[in-house]
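Here is what each chain is made of, one letter per residue.
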Amino acid sequence: MQRSYTLAEIAERLGLKLGDEADGSLPIYGVNTLEDAGPNELSFLSNPKYAPQLDTTRAGAVIVEPKQAGRVKNALLADNSYLAFARVLHLFAKPQGEFSGQSPLAFIHPDARLEEGVTVYPFAFIGPRTTVGAGSIIFPGCYIGEDCALGPGCLIYPNAVLMAGTKLGRGTIIQPGAVLGSDGFGFVPGEKGIEKIPQIGTVSLGENVEIGANTTVDRAALGSTVIGDGSKLDNLVQIGHNVRIGKFCLLAGQSGISGSTRLGDRVILAGQAGLSGHLKVGSGAVIGPQSGLARNVNDGEVLGGSPSMPRSEFLRSSVLIPRLPELHSRIRKLEKALEALASKEE
Amino acid sequence: MQRSYTLAEIAERLGLKLGDEADGSLPIYGVNTLEDAGPNELSFLSNPKYAPQLDTTRAGAVIVEPKQAGRVKNALLADNSYLAFARVLHLFAKPQGEFSGQSPLAFIHPDARLEEGVTVYPFAFIGPRTTVGAGSIIFPGCYIGEDCALGPGCLIYPNAVLMAGTKLGRGTIIQPGAVLGSDGFGFVPGEKGIEKIPQIGTVSLGENVEIGANTTVDRAALGSTVIGDGSKLDNLVQIGHNVRIGKFCLLAGQSGISGSTRLGDRVILAGQAGLSGHLKVGSGAVIGPQSGLARNVNDGEVLGGSPSMPRSEFLRSSVLIPRLPELHSRIRKLEKALEALASKEE
Amino acid sequence: MQRSYTLAEIAERLGLKLGDEADGSLPIYGVNTLEDAGPNELSFLSNPKYAPQLDTTRAGAVIVEPKQAGRVKNALLADNSYLAFARVLHLFAKPQGEFSGQSPLAFIHPDARLEEGVTVYPFAFIGPRTTVGAGSIIFPGCYIGEDCALGPGCLIYPNAVLMAGTKLGRGTIIQPGAVLGSDGFGFVPGEKGIEKIPQIGTVSLGENVEIGANTTVDRAALGSTVIGDGSKLDNLVQIGHNVRIGKFCLLAGQSGISGSTRLGDRVILAGQAGLSGHLKVGSGAVIGPQSGLARNVNDGEVLGGSPSMPRSEFLRSSVLIPRLPELHSRIRKLEKALEALASKEE
């Protein structure tokens, strides 16, 4: 991969306009924050809070939105400077790993089917009847059980586990140590204590899904646990059996969803949020950090607190919690005053 | 494993009664929900809420409790239909993995002792003096350190880690990526900052225990961290050093127990519940979702909230939290009214 | 390693004083609690609460502080008995694993550079241009990507993952299954849904850091995610991209820190605490269990609750939460009484 570009090349590749005074021949070797960038690095301004840094930055060039164009000599103009910056990063990002081909130190079952250009690192295991789409990369220590189906362009980072029957759409990324298809937590009291309910379903992920490091997604009891196209899960997230997640949802670190709950599209769970089982959460809903959800949620609702409540209520009520001792003493004072008044009345 | 049965065969294997009008010769190829089952699938009704689905289901046969017997032609009668269904699932569940024998790509220390019929997949590591009971299966990428003892019939799923000295009873299941016997979190302030307290104990699990994916159980500082027979831990659960868990406990996803806390039997922790260290939790206690426990708990107590309180109190008080702004303004109003009254009095 | 010592040898090695009546020739084979220790085991008394056990313990010898010297025949005297005990444990602790050398079953890239006395177990992977310091031990199933730099004396336990460019200082310990350098959770809305922001930074850990089992530390978007010398992270902790943690911090199990938050030195996070992104937490601050932090914190502040508040406020206010129904009824009573009074007035 080419690792340096002129400013003009970057503009052309991303469809951005060069600022009027910009020197298109400037070589750019990397990207950095306004604070840390050097004279051959490209930076960006997105949050207007940081605009004063335009006066002090040593960055060789800066991606800005048109209204800031005049403030920077070597400007690249973008309507959405943050998005443009994200795309520039792809030019400079070095992919993980340098291996290609299929290592003789991997175990690839003879009945697995690997399409063109699949990379399999040492110590990866691929089971029978599993198919891996073109260009996918399986890192060391991954376990991909039997009857899995991976679309093209998937990245399965080290020590990820895909149990039997797991399906991944095109371009899906599994961060290290994530587990897909572990048994759901299903037990029933019997005469001999607690009996396991066999979990005979699977896990099915759409296209361009991303699963965070050490995140766990349980197989369904029956049918499938489903994560829709473009949804992104952070690290250490727990997804129970038979959960269904729509498209373009964002689940932050350490959030968890109990069995059979269903999320619409573009739902956001903040960090450490927890959802009970068998709920329906409408599209566009937002569940705040550490919020505990035990009821259905309408489209677009924004909730916080545990148990959860509308976020506006949460903000107003949570500031009163530290004031409870004061409220308590005001109640006592009122009681005494009223008693005094009442005794006077008599 | 046989994968289809007649209805009569299923009845016989599980000791269930065929309904009066049932066709015992009906071939059953699988199991499914009332909503999704087809004409050669068996379903079940447990929750009466779903009874109306008996009229619309396409299921070939249904496990019902005697009181619903008249509503289904091909009925299997069970006193506990959910338990019966769980057992039927065992007939149709396909175990993970198809390998048998001991892979030449595994590392099995010459001083390890494997009983009859043990399966060891490629890239598994088994250390010296470790014993593995008959019929146990060790999946790829597992690490089983020295001096471990696994009972018969254990399932150690991919990339699970059992550090030195870990003991597992008969039939215990370790889901992928779980870690048993990592060092407990023990440190002491010294002149050079923080010093590590060596953790020289071990982890000991009873029979029929199940440990969820990426769950972690720390070795004891001294002695053993213990999980009793039949207890089940969900994914991403954290068990601190020297914790002792009784029999038939259920710990839901992302719950955590700090060091040296002891649980009786049949204790339930809901998702994301957190227990402080050095507590005693009595048998049959239930700790609600996201509840934070910092005190001892009597047998059978049911707690919720953070800090935890009796669940009944939690239900009554938590509905008032969103109403704090209203309560606050009522207090202010009272104060003003009283002031007005008092000034009138003067 | 020698595994038994006379009491006099232990005193000498640790610079402790033998009690006046102590028998220095007593052979000590191990260490244990006062409750469980036998006649050839050494125990300790730190918490005065347990002092009565000095009368009943069967321990062969006990480490005590000078004020308790008279109560024990075979005493070892230490100003800080707990610290002394921690150090004694090092004499008896058996390190994990017995392998040495570099296994032919490992994959070590020819361009990796391993210093003297490095141990690499089977099924470990070490990428190109990575350096491993003298005496470090890499357990089975570890993945160490390209361009990593490990100081001397590191312990990388089974199935840990270090993605490209990760740096570890001298003596750092990575517990099993931990992941360093997974992609940060960075996404930006685009026309095609949600676009990934490439994460081109790295992870950098100081000396004597310890990372718990299945804990995850994301690589920075730009620059480095940093954990300072001597900081210790428990199991299942989540560290977001560009977080910076100072020296000698202690982060308990299942705590989490969102992107770009900075911790000073000696900060303590209790279990399941959660910190929002872009915060500054001063040195010596303490964040309580399950606390949710969404604001900056001064040096030495002690917080609890979610949202967090000063711990003293949290203690006073949280006891009032179960009493909210009572406070509510007292408000109603006041309202009625006042109404009655007011109507009388008229």
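Within any chain, residue numbers begin from 1 and follow the written order of that chain's sequence. Here every chain gets a letter starting at A, and every ligand a number starting at 1, in the order they are written. Owing to the predicted nature of the model, reporting of local features is limited to residues with pLDDT of at least 70; listing and counting of side-chain atom pairs is limited to 80 or more, with chain, interface and lining totals taken over all residues.

## Concerning the overall build of chain A
The number of helices and strands found in chain A is 4 helices and 39 strands. Here the globule rule reads 2.2 Å times residues to the power 0.38, and the radius of gyration is calculated from C-alpha atoms. Its C-alpha radius of gyration of 27 Å places chain A more than 25% over the 20 Å reference for a compact globule of 346 residues. Principal-axis analysis of the C-alpha atoms places the extent of chain A at approximately 95 × 70 × 30 Å. For chain A, with 346 residues in total, the buried portion stands at 58%. Here the analysis covers contacts within chain A between residues at least 6 apart in sequence; of these, 20% occur between residues at least 24 apart. Counting from the N terminus, the helices are DSSP H or I runs at least four residues long and the strands are E runs at least two residues long. Backbone-placed C-beta atoms define the burial measure: a residue is buried with 20 or more other C-beta atoms within 10 Å of its own, exposed with 12 or fewer, and partly exposed in between. Whether two residues are in contact is decided by their C-beta atoms, placed from the backbone, lying within 7 Å.

## Things to note about the environment of A:L150
Residue and element names in this part refer to chain A. Its location among the elements puts L150 in strand β15 (residues 149-150). Looking at L150, the number of C-beta atoms within 10 Å reads 27, which means it is buried. In this structure the C-alpha to C-alpha distance between L150 and T130, which are 20 residues apart in sequence, comes to 8.0 Å. Among all residues touching L150, those that are not within four sequence positions of it are T131, V132, G133, S136 and L168.

## Considerations on helix α1 (residues 7-14) of chain C
Residues and elements named next belong to chain C. For α1, the full list of buried residues reads L7, I10 and A11. For α1, the angular spread of the buried residues around the axis is 100°, confining them to a single face. Two residues or fewer after α1 comes G15, characterised by a positive phi angle close to 65°. The arc in question is the one spanned by the directions pointing from the helix axis to the C-beta atoms.

## Some details on the interface of chain B and chain A
Across the boundary between the two partners, chain B contributes 56 residues, which contact 56 residues of chain A. When contributions to the side of chain B that touches chain A are tallied by element, the ones reaching two or more residues are α2 (81-92) and α4 (324-345) of chain B. No other element matches the 10 residues that α4(B) contributes to the side of chain B that touches chain A.

## A short note on the interface of chain B and chain C
Taken together, the 54 residues of chain B in the interface contact 54 residues of chain C. Elements supplying a minimum of two residues to the side of chain B that touches chain C: β20 (179-182), β21 (187-190), β22 (193-196), β25 (216-218), α3 (311-318) and α4 of chain B. Here the element with the most residues in the side of chain B that touches chain C is α4(B); it accounts for 7 residues. Of the residues contributing to the side of chain B that touches chain C, the split by class is 27 nonpolar, 20 polar and 7 charged. Put simply, Ala, Val, Leu, Ile, Met, Phe, Trp, Tyr, Cys and Pro go in the nonpolar bin, Asp, Glu, Lys and Arg in the charged bin, and everything else, Gly too, in the polar bin.

## Section: the sheet that holds strand β6 (residues 61-64) of chain A
Two strands in a sheet stick together by hydrogen bonds in their backbones, pointing the same way (parallel) or opposite ways (antiparallel). Residues and elements named next belong to chain A. As summarised here, the arrangement of the 5 strands in space is β2-β7-β6-β5-β4, forming an open sheet in which the pairing is mixed. Only two strands of the sheet have a single partner each, and these edge strands are β2 (17-18) and β4 (30-31). With 3 bridges connecting them, strand β5 (residues 41-44) and β6 associate as parallel partners. Each bridged residue has a counterpart across the sheet, and for F44 the counterpart in β6 is I63. The axes used here are C-alpha line fits, helices contributing only the stretch in contact, and every angle between their N-to-C directions lies in the interval 0 to 180 degrees. The strands touched by helix α2 (residues 81-92) within the sheet are β4, β5 and β6, with β6 carrying the most contacts at an inclination of about 135°. Only when DSSP finds a minimum of two bridges between them are two strands counted as paired.

## What about the domain arrangement of chain A?
Along its sequence, chain A is carved into domain 1 (5-92) and domain 2 (107-315). Per the annotation, domain bounds derive from an automatic or database assignment of domains. Centre-to-centre, using C-alpha coordinates, domain 1 of chain A lies 37 Å away from domain 2 of chain A.

## Some details on the relation of the copies chain B and chain A
One copy of the chain maps onto the other through a rotation about an axis followed by a shift along the same axis. The copies were overlaid by least squares, fitting only the C-alpha atoms of residues that reach a pLDDT of 70 or more in each copy. The two copies are related by a screw operation: chain B maps onto chain A through 120° of rotation and 0.0 Å of translation along the axis, at an RMSD of 0.0 Å. The superposition operator between the copies reduces to a three-fold rotation axis. Mapped onto chain A, only 20% of the interface residues of chain B again fall at the interface, so the copies present different surfaces.

## Section: the sheet that holds strand β6 (residues 61-64) of chain B
All names here are of chain B. Ordered by their spatial adjacency, 5 strands build an open sheet running β2-β7-β6-β5-β4, and the pairing between neighbours is mixed. Taken across any chain shown, the strands that pair with only one partner, and hence form the sheet edges, are β2 (17-18) and β4 (30-31). Strand direction decides the pairing type here: β2 and strand β7 (residues 75-77), joined by 2 bridges, are antiparallel. Residue pairing in the sheet places K17 in a bridge with L77 of β7. Here α2 sits on the sheet in contact with β4, β5 (41-44) and β6, set at roughly 135° to β6.

## Comments concerning unusual backbone geometry
Residue and element names in this part refer to chain A. The omega torsion across S306 and P307 is 0°, close enough to zero to call that bond cis. The residue P307 is located in the loop between β38 (302-304) and β39 (309-310) in this model. Although it is not a glycine, N214 sits at a positive phi angle of roughly 60°.

## Topic: the environment of A:I331
Mapped onto the fold, A:I331 is located in helix α4 (residues 324-345). For A:I331 and A:L315, which are 16 residues apart along the polypeptide, the C-alpha to C-alpha distance reads 23 Å.

## Brief notes about the packing of helix α1 (residues 7-14) of chain B against α2(B)
Angle between the axes and distance between the axes are the two parameters that describe a pair of packed helices. Residue and element names in this part refer to chain B. It is the contact of α1 with α2, at a shortest axis distance of 11 Å, that shows an interaxial angle of 115°. The pairing of α1 with α2 is recorded here as roughly perpendicular in orientation. Classified by chirality, the crossing of α2 by α1 is right-handed. Across the interface between the two elements, I10, R13 and L14 from α1 touch A84, R87, V88 and L91 from α2. In terms of residue class, the contact of α1 with α2 is made up of 5 nonpolar, no polar and 2 charged. Throughout this description, any angle smaller than 35 degrees is read as roughly parallel, any larger than 145 degrees as roughly antiparallel, any in the 65 to 115 degree range as roughly perpendicular, and the remainder as oblique. A clockwise turn of the near helix away from the far one marks a right-handed crossing, whereas an anticlockwise turn of less than a right angle marks a left-handed crossing.

## Considerations on the pairing of strand β22 (residues 193-196) of chain C
Residue and element names in this part refer to chain C. Here 4 bridges tie strand β21 (residues 187-190) to β22, and the two strands are oriented antiparallel to one another. Opposite F187, over in β22, you have K196 as the bridge partner. Counting the residues in the hairpin turn of β21 and β22 gives 2 residues.

## Things to note about the nonpolar core
Of all hydrophobic cores here, the largest spans 215 residues; its most connected members are A:I138 and B:I138. Among all residues touching B:I138, those that are not within four sequence positions of it are B:T119, B:V120, B:Y121, B:A124, B:I126, B:V132, B:I144 and B:I156. Residues enter a nonpolar core if they are buried, belong to Ala, Val, Leu, Ile, Met, Phe, Trp, Tyr or Cys, and are joined to the set through C-beta atoms within 7 Å.

## Here's the deal with helix α3 (residues 311-318) of chain A
Looking at α3(A), one finds that the buried residues are A:F314, A:S317 and A:S318. Here the buried residues of α3(A) occupy an arc of 90° about the axis, which is enough to place them on one side.

## With respect to the pairing of β6(A)
Residue and element names in this part refer to chain A. Of the two faces of β6, the one lined by A61 and I63 and the one lined by V62 and V64 are each fully buried. Looking at chain direction, β6 and strand β7 (residues 75-77) are connected through 3 bridges and run parallel. What sits directly across from V62, in β7, is A75.

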